[in-house]
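# A look at the structure
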Amino acid sequence: MFFAIAFALSAYFTFAAVQGDYGLFRRVEIQAEAEQLQQDLDQLSDEISTMENLTRRLSDNYLDLDLLDEQARAVLGVLRADELVIH
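### Comments concerning the overall build of the chain
The helix and strand inventory of the chain stands at three helices and zero strands. Along its sequence from the N terminus, the chain presents helices and strands in the succession α-α-α. A compact globule built from 87 residues should have a C-alpha radius of gyration of about 12 Å, whereas the chain, at 30 Å, is more than 25% larger. For the chain, the spread of C-alpha atoms along the principal axes amounts to about 100 × 35 × 15 Å. Between the averaged position of the 6 positive side-chain charges in the chain and that of its 16 negative side-chain charges there is a distance of 2 Å.

Okay, structure coming up:
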């Protein structure tokens, strides 16, 4: 009887250590999720840096004429008089 109870308890704790809320499988899932979230954070940080750079280049303190020309062409469809458009 003692051995059956000891075996059942050890089986339960082994199962809990592997499959439980704080088990090995859950730890692997959390690590994979953390890596994915870190990749998302890195990608978003790159996008923010790009947007901050473009915003700075179009600010009142610093004006990049090439970027302004590019934005005017893209948004407004503006062309210079000496340009030729081919479709």
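### Topic: a negative patch on the surface
Together, Asp40, Asp42, Asp46 and Glu47 give the surface a local cluster of negative charge. Considering the arrangement of structural elements, one finds Asp42 in helix 2 (residues 24-57).

### Looking at the packing of aromatic side chains
Within the structure shown, the criterion is met by two aromatic pairs. Consider the rings of Tyr12 and Phe13, whose centres lie 5.4 Å apart with planes at 65°: the pair is edge-to-face. Judged by its relative accessible area of 53%, Phe13 is exposed. When the ring centre of Tyr62 is taken as reference, the NZ or CZ atom of Arg56 above it lies at 4.9 Å.

### A short note on a nonpolar patch on the surface
A surface patch of nonpolar side chains, amounting to about 610 Å² of accessible area, comprises Met1, Ile5, Leu9, Tyr12 and Phe13. Accessibility expressed as a relative area gives 77% for Met1, which makes it exposed.

### Focus: the environment of Thr55
With respect to the helices and strands, Thr55 occurs in helix 2. C-alpha separation for the pair Thr55 and Met1, spaced 54 residues apart in sequence, amounts to 75 Å. In terms of polar contacts, Thr55 uses its side chain to reach the backbone carbonyl oxygen of Met51, at 2.7 Å.

### Some words on the pattern of salt bridges
Scanning the entire structure with this criterion turns up three salt bridges. Where Arg57 meets Asp64, a salt bridge forms, and the shortest distance between an N and an O atom there is 2.6 Å. Of the residues examined, Arg57 reaches a relative accessible area of 22% and is grouped as partly exposed.

About the criteria used
- Residues numbered from 1 in each chain as written.
- Predicted model: local features only at pLDDT ≥ 70, side-chain atom pairs only at ≥ 80, totals over all residues.
- Heavy atoms only, no water.
- Helix = DSSP H or I, 4+ residues; strand = E, 2+ residues; numbered from the N terminus.
- Rg over C-alpha atoms; globule rule 2.2 N^0.38 Å.
- Lys, Arg positive; Asp, Glu negative; His and termini not counted.
- Charge placed at Lys NZ, Arg CZ, Asp CG, Glu CD.
- Patch = residues over 30% accessible without salt bridge, like charges linked within 9 Å, V, L, I, M, F, W, Y side chains within 5 Å.
- Areas by Shrake-Rupley, 256 points an atom, 1.4 Å probe, with all protein chains shown as cover.
- Salt bridge = Lys/Arg side-chain N within 4 Å of Asp/Glu carboxyl O.
- Phe/Tyr/Trp six-rings, centres within 6.5 Å; stacked < 30°, edge-to-face > 60°.
- Buried < 20%, exposed > 50% of the residue type's maximum accessible area, 1.4 Å probe, protein only.
- Lys NZ or Arg CZ within 6 Å of the ring centre and 35° of its normal.
- Polar contact = N/O pair within 3.5 Å; in protein donor to acceptor, adjacent residues only side chain to side chain.

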